[in-house]
Amino acid sequence: MNRRSIPARLLRGALLVSLLLVFVPLSSHAQEDALDTQRIIDNLKMEIPQLRQTGQVSLSSFSESDVEGFKRATLTVNGRQIPMLITPDGAKALLLAGPPIDVSRTLEEVNQAMADEASERGATLARATEGMPVRGPADAPVTLVEFSDFQCPYCARASDLVNELLSRYPETLNVVYVHYPLPMHEWARPAAIASQCAARQSDDAFWTLHDAYFAEQSDLTPDNVMAKSESYLAEASIDMEAWKTCAQDETSSAHEEVQQTITANMQAGQEVNVTGTPSFYINGEKVQGARSIEAFTRRIEQAATAAEGN
């Protein structure tokens, strides 16, 4: 399996997004003698990534407020109304749940900032996925990067969703697993080490552990995770002595290298704004909000269409 093609595709995807953001201006509906509401919305989308994936976002109902230096306004997101304050010149906006947001940037500045953000995220994901276990064809046009924790119950549930996606898109989709063991999960990092030690020899051995950890999550403990891992690998075609050295001998170079890989995975996750597990990225773009099979299906098909045009 050619693993190098996946990080390269993430970089290409980021560059494509960058070009689209820089050279395809967003529509503007600035009104005479009024605030440029579209520019403000574009700025809000820059600062609040969740707004980029919502269907309808509008800004209206401007009126005087009791707060000196601000007018009242209403931000409507898919029918939900969110009160906000905005300066008369349209340069600063204040959502009631947070501090003022700078919305004074021009459309060109917003596009450039988003292009830079996409490029940096693509480069970080490319580094994080280099050499990591892959499921699905390496040359698939769509890559789903998953930051996950073997002890996380939400990750166990999400594994069924990922398997369904792979079943629906056997030629279109591949999945790359990236370690993000959370500190409060006592056996998550030992499991990450054991699985990554298996991955050094075989992707299939890694996925054997991956599936077993999630299937038997409730039976695993810090005391038995290594013994259980060895039993799960009983039928794997790998050098078990080499795996044991890597997984259990903390003085071995293999163990140290795997620890460095997991630490680098977690650092990459922090850089791309992973705030919990599981976190998913489709061709470099984070999946925000609801994670239904339908939502993933739409994103995968959109990414596949965009990849065809590249």
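Nothing here was measured: the structure is a model prediction, and the numbers come from that model. (Residues numbered from 1 in each chain as written. Predicted model: local features only at pLDDT ≥ 70, side-chain atom pairs only at ≥ 80, totals over all residues. Heavy atoms only, no water.)

A. View of the pairing of strand E7 (residues 142–148). Where burial is concerned, most of E7 is hidden: 7 out of the 7 residues are buried. As paired strands, E7 and strand E8 (residues 173–179) are joined by 7 bridges and run parallel to one another. Residue Thr143 lies in a different strand from E8, and its bridge partner there is Asn174. Taking the sense of rotation as the criterion, the β-α-β connection linking E7, helix H4 (residues 153–168) and E8 turns out right-handed. Bridge analysis of E7 against strand E9 (residues 279–282) gives 4 bridges, and the strand direction is antiparallel. Following the sheet pairing, Phe147 is matched in E9 by Ser279. (Buried < 20%, exposed > 50% of the residue type's maximum accessible area, 1.4 Å probe, protein only. Helix = DSSP H or I, 4+ residues; strand = E, 2+ residues; numbered from the N terminus. Pairing = 2+ DSSP bridges. Right-handed = clockwise from strand over helix to strand, strands pointing away.)

B. Region of the structure containing the packing of helix H5 (residues 188–199) against helix H6 (residues 203–215). Contact pair H5 / H6: the axes reach a minimum separation of 6 Å and the direction vectors enclose 155°. Between H5 and H6, the interaxial angle falls into the category roughly antiparallel. Residues Ala191, Ala194, Ser195, Gln196, Ala198 and Ala199 of H5 pack against Asp203, Ala205, Phe206, Leu209 and Tyr213 of H6. Tallied by class, the residues present in the contact of H5 with H6 amount to 8 nonpolar, 2 polar and 1 charged. (Axes fitted to C-alpha atoms, helices over the stretch in contact; angles between N-to-C directions. Parallel < 35°, antiparallel > 145°, perpendicular 65-115°, else oblique. Contact = heavy atoms within 4.5 Å. Nonpolar A, V, L, I, M, F, W, Y, C, P; charged D, E, K, R; others polar.)

C. Summary view of the nonpolar core. By size, the foremost hydrophobic cluster in this structure holds 32 residues, and its most contacted members are Phe150, Cys197, Tyr213, Val225, Leu233 and Trp243. Elements with a minimum of two residues in this core: H4, H5, H6, helix H7 (225–232), helix H8 (240–248) and helix H9 (253–271). Here Leu233 is in contact with Ala198, Ala205, Leu209, Ile238, Met240 and Trp243, once residues within four sequence places are set aside. Residues Val142, Leu161, Leu173 and Phe280 belong to the second largest nonpolar core, which totals 18 residues. (Core = buried A, V, L, I, M, F, W, Y, C linked by side-chain atoms within 4.5 Å.)

D. Inspection of unusual backbone geometry at higher detail. Residue Pro278 follows Thr277 across a cis peptide bond; omega there is -5°. Positioned with a positive phi, Ser61 is a non-glycine residue whose angle comes to about 60°. Structurally, the position occupied by Ser61 is in strand E1 (residues 57–64). Despite not being glycine, Asn78 shows a phi value in the positive range, around 50°. Topologically, Asn78 is positioned in the loop between strand E2 (71–77) and strand E3 (80–86).

Geometry only, nothing functional implied.
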